[in-house]
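# Tertiary structure, described
Here is what each chain is made of, one letter per residue.
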Amino acid sequence: MLLIVMPSLKKLKSIFKPIKKYFFALLIFCLSFVTLPVWAIDDFQISQNHSFVANVAKQVSPSVVRIDIERDIQTDEFESDLLDPLLRDLLGDLGTFPQKERGQGSGVIIDRSGLVLTNAHVVERVDRVVITLQNGNQLDGKVIGTDQVTDLALVKIDEFSGLESAKLGDSEDIQVGDWAIALGTPYGLESTVTLGIVSSLHRDINSLGFSDKRLDLIQTDAAINPGNSGGPLINSMGEVIGINTLVRSGPGAGLGFAIPINLASRVTNQLLANGEVIHPYLGAQLVLLNERIAKEHNQDPNSLILLPERSGALVQSVIPQSPAEEGGLRRGDLVINAEGNEINDPKSLLIQVENAQIGKPFQLEVLRNNQEINLSIKPSALPGIS
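As a starting point, this report considers the structure included with it. Being a predicted model, the structure only gives us computed values, none of them experimental. Here the residue numbers are simple positions, counted from 1 along each chain's written sequence. Where local features are concerned, this predicted model is filtered to residues with pLDDT of at least 70; where side-chain atom pairs are given and counted, the filter is 80 or more; whole-chain, interface and lining totals use all residues. Side-chain numbers come from the whole structure's heavy atoms, not from hydrogens or water.

Across its full length, the protein holds nine helices and 21 strands. The rule is simple: take the accessible area with a 1.4 Å probe, protein chains only, and divide by the maximum for that residue type; under 20% is buried, over 50% is exposed, in between is partly exposed. Across the 386 residues in the protein, those meeting the buried criterion constitute 39%. Method for areas: the Shrake-Rupley scheme with a 1.4 Å probe, in which residue coverage is limited to the protein chains shown. A total of about 23,000 Å² of accessible surface is found on the protein, and carbon and sulfur atoms cover 54% of it. Numbering of helices and strands runs from the N terminus, with a helix taken as a DSSP run of H or I at least four residues long and a strand as a DSSP run of E at least two residues long.

Structure below.
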């Protein structure tokens, strides 16, 4: 018979105690030779000292500038409507007198040669532009060109050494929920930073009441206040992903919007090359049509025409002597295809028009009286934009 003798608990403790001590000593010895990656050390230092917002703001802030503008406006010295008729006859025509109108905005240096990207509404029709750097230096600037359709402008700083430019990112890579940091000089207060997230992408500016613009905006809840216009919207890596352009006031207040940097880069290249941006133009006013809207219209006994019960861009009117009129487009036509791309709404058609070439045939497929018709229209340059 086999007899197994079990050691006592006290004896077991005395056996494992030195083993435990040697095990921890060996573990500490091994870890002493392990080198942490540089990025891990940096992240640890950042978490201990400052937030990522502070670090990227410090990196980008030297490229953010304040823009002060002056423009001459002609005004009456006296309000003629307030003058007594007899006194007005006595004084005669008082004429107009020049006055200085001043304004402020923000901008971002995108090239060390002194190129500053900002909003067109900040520098439109100005007589003088003064750029204030983060270090307080004030320099004269010259407007190279503006584009009212995208609300973008390019300003050149006079020769100055030591300018720092911001790194441009890719606005196609951002997603809803990404960090968004707005920099600028609201109310003339330099180096202001606000934090938020990307709330939405491809926000159509026409839905905000700006029918004369062609823009898909980045929506953010980062505070964009008056004077922030033209400043950069950056991501968590310190790359510019947008140019701040407007903030919604009244109902829906607190919503900020920025122009995607990829669009801003294309506009910048055209302004540098030509001093202007040429936008293709057809000359038709469009409204959305889908199956639900068409059915509701067709069920109305007072409707004069029956609409096709499908999605597309419905032609509400055609501007006289426009490329659309010359190409045969008519009121009531439903555009369903452009250059081989399906059209489900006016926005998708405008995207195709924006990519069209001036004077080159632009192919459209429309529904007219339940028949599909192919049209060829030659876009011209959008008039009235300078």
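The next thing to look at is helix H6 (residues 261-274). For H6, built from 14 residues, the straight-helix expectation of 20 Å at 1.5 Å per residue is met to within 8% by its first-to-last C-alpha distance of 20 Å. Along H6, the residues that are buried comprise Ile261, Leu263, Ala264, Val267, Thr268 and Leu271. Around the axis of H6, the buried residues are gathered within 145° of arc, so they sit on the same side. Facing away from the buried side of H6, by more than 90 degrees, are the exposed residues Arg266, Asn269, Ala273 and Asn274. Just beyond H6, the residue with positive phi is Gly275, at close to 80°. Here the expected length of a helix is defined as 1.5 Å per residue gap, with one fewer gap than residues. Within this analysis, the arc is defined by the directions that extend from the helix axis to the C-beta atoms.

Before going further, it helps to examine the side chain of Gln352. Relative to the helices and strands, Gln352 is located in helix H9 (residues 346-354). Whether two residues are in contact is decided by their heavy atoms: any pair within 4.5 Å suffices. With near-sequence residues (within four places) excluded, Gln352 lies in contact with Ala338, Glu339, Asn341, Ile343 and Phe362.

Right, let's talk about a nonpolar patch on the surface for a bit. Every patch collects residues that have over 30% relative accessible area and no salt bridge, joining them within 9 Å if they carry like charges and within 5 Å if they are nonpolar side chains (Val, Leu, Ile, Met, Phe, Trp, Tyr). For this document, the term salt bridge refers to a Lys or Arg side-chain nitrogen within 4 Å of an Asp or Glu carboxyl oxygen. Where nonpolar side chains cluster on the molecular surface, the patch consists of Trp179, Leu195 and Ile197 and spans about 270 Å² of accessible area. Of note, Ile197 is situated in strand E9 (residues 192-204).

Here the focus is the nonpolar core. Definition of nonpolar core: a set of buried residues of the types Ala, Val, Leu, Ile, Met, Phe, Trp, Tyr and Cys, connected through side-chain atoms within 4.5 Å. Ranked by size, the top nonpolar core spans 28 residues in total, and within it Leu117, Ile234 and Ile243 carry the most contacts. Breaking this core down by element, the ones donating at least two residues are helix H3 (52-60), strand E2 (96-111), strand E3 (115-118), strand E6 (152-157), strand E8 (179-184), strand E12 (239-247), strand E13 (256-260) and H6. It is H6 that contributes the most residues to this core, five residues altogether. Excluding anything up to four places from it in sequence, Leu117 contacts Gly107, Val108, Ile110, Ala153, Leu154, Gly230, Ile243, Ile261, Ala264 and Thr268. Ile69, Val126, Ala153 and Leu163 belong to the second largest nonpolar core, which has 17 residues in total.

Let us look at the pattern of salt bridges. Close approach of charged atoms lets side chains of opposite charge pair. Tallied over the full model, the rule gives eleven salt bridges. With a shortest N-O distance of 3.2 Å, Arg102 and Glu70 are connected by a salt bridge. Of this pair, Arg102 sits in strand E2 while Glu70 sits in strand E1 (residues 64-76), and the two are 32 residues apart along the sequence. Across the salt bridge formed by Glu239 and Lys167, the nearest N and O atoms sit 3.5 Å from each other. Residue Glu239 is found in strand E12, and its partner Lys167 is found in strand E7 (residues 167-168); the two are separated by 72 residues along the sequence.

Two aromatic rings, drawn from Phe, Tyr or Trp (for Trp, its six-membered ring), form a pair once their centres lie within 6.5 Å of each other, and the interplanar angle then sorts them: stacked below 30 degrees, edge-to-face above 60, tilted otherwise. Per the counting criterion, the structure on display carries one aromatic pair. Ring geometry for Phe52 against Trp179: centres 5.3 Å apart, planes inclined by 50°, an arrangement best described as tilted. Of this pair, Phe52 sits in helix H3 while Trp179 sits in strand E8, and the two are 127 residues apart along the sequence. Its relative accessible area of 28% is what places Phe52 among the partly exposed residues.

By the criterion of burial, strand E19 (residues 362-368) is predominantly enclosed, with five of the seven residues buried. The sheet contact formed by strand E17 (residues 334-338) and E19 spans four bridges and is antiparallel. Within E19, the residue paired with Leu334 across the bridge is Leu367. Two strands are counted as paired when DSSP detects at least two bridges linking them. Hairpin connection between E19 and strand E20 (residues 371-377): a loop of two residues separates the two successive antiparallel strands, and Asn369 in this loop has a positive phi of roughly 55°.

Looking now at unusual backbone geometry. In this structure, Gln321 is a non-glycine residue whose phi angle is positive, near 60°. The backbone of Asn370 sits at a positive phi, close to 65°, despite the residue not being glycine. Structurally, Asn370 is set in the loop between E19 and E20.

Mapped onto the fold, Asp147 is located in strand E5 (residues 138-147). Remark: the alpha-carbon pair of Asp147 and His279, spanning 132 residues in sequence, is separated by 9.7 Å.

A separate point is the pairing of E6. Two faces make up the sheet, and in a regular strand the side chains alternate between them. In terms of residue burial, E6 counts as a mostly covered element, since five of its six residues are buried. Examined bridge by bridge, E5 and E6 share six bridges and lie antiparallel to one another. If you follow Asp147 over to E6, its bridge partner there is Leu152. In this antiparallel pair of consecutive strands, E5 and E6, the connection spans four residues, and Asp151 shows a positive phi of 60°.

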